[in-house]
Amino acid sequence: MAEAPQKPVLLTGASGALGRVLARNLAAQGWTLRLTDIAPFPDDVPPGCTFTPADLDNGVDILRLAEGCGMILHFGGISVERPFEEIVGPNLRGLFHIYEAARREGARVLFASSNHSIGFHEREVPLDDSCQFMPDGYYGLSKAYGELMGRMYWYKHGVESVLVRIGSSFPEVKDARMLSTWLSYDDLTSLCVRATLAGKTGCSVIWGASDNARTYWRHDARESIGWAPKDSADPFAPQFAGVVSDSPIQERYQGGAYTIMGYSRKTPPPGPLF
Ligand code: 15L
């Protein structure tokens, strides 16, 4: 059996697609997980785990759930583009509750950030982890806020974070863009394992993508936490050869379809700003 953390791990967003994968895979490695989500857990609760429904907007419930935990895998909140008012509670106030709980418990946080925090970067320009935030909507903006919250809690309170800018984590590659952004479920799981078990992380940024030849991203803290992806989108390439959407905006930017949701510019900007 692989190494398991000494203290319980809180997994938020446990009823979502990625939460369910992580609950199953980490429980299978002998981890003691506290699962939570606002929605009921749709599977059998795995051995060694408990499930408690909670709203991220309820700070007292989140503090109670985190009691005694050494790690918070924060996958909860809105995970797609939505109107601003729907995002405020779970993704802004909820994140504050997560970080306050981490501060009180001396716990580390893995924050499931997203490529949509940088989605308006051009596809042609390879990015480092120090690139400017370029959110492509309210959802991406909430992820940029989350990363900045992690940075603030590290410098001000010494709370460690692993900020994972997840590309596209699905069972398999579903479109041409995912040849650049895909993160396999096994690579996602090993990233959560390393983020939890690494001796120190400080406040690290990791590009959450498998070993894809067409990647948009390079240089991050993966070596320092001992993570290396094993899978790749490359074998899916022949399926998507020559497939292009009918939107030049979507094709231009890393965030893909999210960049054109609610887009109202009459003419696109002439070139990259950064
Ligand atoms: C995300 O952040 C979403 O949660 C996911 O559903 C995908 O849309 C993904 O980004 C993506 O960019 O493919």
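Residues numbered from 1 in each chain as written. Predicted model: local features only at pLDDT ≥ 70, side-chain atom pairs only at ≥ 80, totals over all residues. Heavy atoms only, no water.

**Brief notes about the state of the cysteines**
All chains considered together, the criterion is met by zero disulfides. Counting only cysteine sulfurs, C69 is the nearest neighbor of C49, a cysteine outside any disulfide, at a range of 12 Å. The thiol sulfur of C131 is not disulfide-bonded, and the nearest other cysteine sulfur, from C203, lies at 14 Å. Assessed through its relative accessible area of 16%, C131 is described here as buried. (Disulfide = S-S within 2.5 Å. Buried < 20%, exposed > 50% of the residue type's maximum accessible area, 1.4 Å probe, protein only.)

**A short note on the side chain of T36**
Relative to the assigned elements, T36 resides in strand β2 (residues 33–37). For T36, a relative accessible area of 3% puts it in the buried group. A distance of 2.7 Å separates a polar side-chain atom of T36 from the backbone oxygen of T52. In contact with T36, not counting residues within four places along its chain, are L10, L11, T12, G13, A14, F51, T52, P53, A54 and L65. (Helix = DSSP H or I, 4+ residues; strand = E, 2+ residues; numbered from the N terminus. Polar contact = N/O pair within 3.5 Å; in protein donor to acceptor, adjacent residues only side chain to side chain. Contact = heavy atoms within 4.5 Å.)

**A word on the pattern of salt bridges**
Tallying each qualifying case throughout the model produces 14 salt bridges. With its nearest N and O atoms 3.0 Å apart, the salt bridge here joins D128 to R218. Of the two residues, D128 sits in the loop between β5 (108–114) and α4 (138–157) while R218 sits in the loop between β9 (203–208) and α7 (222–225), which places them 90 residues apart along the sequence. Looking at R218, the relative accessible area reads 40%, which means it is partly exposed. For R165, the salt bridge is made with E147, and the minimal N-O distance between the two is 2.8 Å. A residue pair is termed long-range when its members are at least 10 positions apart, and R165 in strand β6 (residues 161–166) and E147 in helix α4 qualify at 18 residues. Overlapping salt bridges, with partners in common, bring together E67, R104 and E105 in one network. (Salt bridge = Lys/Arg side-chain N within 4 Å of Asp/Glu carboxyl O.)

**What to know about the site of the ligand**
Around the ligand sit S79, S114, N115, H116, Y139, G167, S168, F170, R177 and Y258, and that is every residue in its neighbourhood. Here an oxygen atom of the ligand sits 2.8 Å away from a polar atom, N or O, in the side chain of S114. Between the ligand and the protein, one listed contact pairs an oxygen atom with a side-chain N or O atom of H116 at 2.7 Å. Considering the ligand on its own, with 320 Å² of exposed area, one finds that the protein chains cover 79% of that surface. Here the residues of the shell around the ligand are counted per class, giving three nonpolar, six polar and one charged. (Near = heavy atom within 4 Å. Areas by Shrake-Rupley, 256 points an atom, 1.4 Å probe, with all protein chains shown as cover. Nonpolar A, V, L, I, M, F, W, Y, C, P; charged D, E, K, R; others polar.)

**A look at a nonpolar patch on the surface**
Nonpolar side chains collect at one region of the surface, where F84, Y138 and L141 lie side by side and expose about 280 Å² of accessible area between them. Among the secondary structure elements, F84 is positioned in helix α3 (residues 84–105). (Patch = residues over 30% accessible without salt bridge, like charges linked within 9 Å, V, L, I, M, F, W, Y side chains within 5 Å.)

**Here we look at the nonpolar core**
Among the nonpolar cores identified, the biggest contains 35 residues, and L11, L33, L35, L73, F75 and L110 are the most heavily contacted of them. Where this core is concerned, the elements lending two or more residues are β1 (9–12), α1 (17–28), β2, β4 (71–74), β5, β6 and α6 (185–197). Among the elements that make up this core, the one with the highest residue count is α6 (seven residues). Here L73 is in contact with V9, L10, L11, T12, L26, L110, C192 and T196, once residues within four sequence places are set aside. (Core = buried A, V, L, I, M, F, W, Y, C linked by side-chain atoms within 4.5 Å.)

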